Amino acid sequence: MSDVQLSAQEEAPLLLDFDDAELVPPEGPGPVVLRVRGQAPCLNMVVRLVPVRYIQQPDYWVVHIIGDLQGGVCLEAVRDYDEILAPAPLGKRGVVVVGNTKRERLENPPT
């Protein structure tokens, strides 16, 4: 495994793709959670689910998948990620998960 120094542009947070996204209803009392799985391009990349901020509840709440490199050095190795955002920021109808080349609309689970 080798270290690769990234350019200043690549040090900024990256929008990452994902393989699977789902809204998971609680099995008992508790919030609905958003679960997103995929692969990060760097072993040391921190993956975060970042919801857009709204003044009013939208029909579909947008959540971006962000990859962050602290220090700008990528340890080249693809690694799986499995991130949970709890409680999920639910729109009136659901959530839209946005990756680099993919977006997926998820409907709210029945209550």
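Residues numbered from 1 in each chain as written. Predicted model: local features only at pLDDT ≥ 70, side-chain atom pairs only at ≥ 80, totals over all residues. Heavy atoms only, no water.

Enquirer: I'd like a rundown of the nonpolar core, residues and numbers included.
Expert: Counting residues in each nonpolar core, the largest one holds 22 residues, and the members touching the most others are Leu34, Val36, Ile65 and Val97. When residues of this core are traced back to their parent elements, those giving at least two are strand S3 (20-24), strand S4 (33-42), strand S5 (46-51), strand S6 (60-68), strand S7 (73-85) and strand S8 (94-98). In terms of residues, this core owes the most to one element, S4, which gives four residues. The contacts of Val97, once residues within four sequence positions are left out, are Phe18, Ala21, Leu34, Val36, Val63, Ile65, Lys102, Arg103, Glu104 and Leu106. (Core = buried A, V, L, I, M, F, W, Y, C linked by side-chain atoms within 4.5 Å. Buried < 20%, exposed > 50% of the residue type's maximum accessible area, 1.4 Å probe, protein only. Helix = DSSP H or I, 4+ residues; strand = E, 2+ residues; numbered from the N terminus. Contact = heavy atoms within 4.5 Å.)

Enquirer: Requested: an account of unusual backbone geometry, with residues and values cited.
Expert: Across the junction of Ala86 and Pro87, the peptide omega takes the value -5 degrees, indicating a cis bond. Mapped onto the fold, Pro87 is located in the loop between S7 and S8.

Enquirer: Could you give an account of the environment of Val97, naming the residues involved and the relevant values?
Expert: Along the polypeptide, Val97 turns up in strand S8. Relative accessible area serves as the criterion here: at 0%, Val97 is assigned to the buried category. When the C-alpha positions of Val97 and Ala21 are compared, they lie 7.3 Å apart, and in sequence the two are 76 residues distant.

Everything listed here is a matter of geometry and, on its own, says nothing about what the molecule does.
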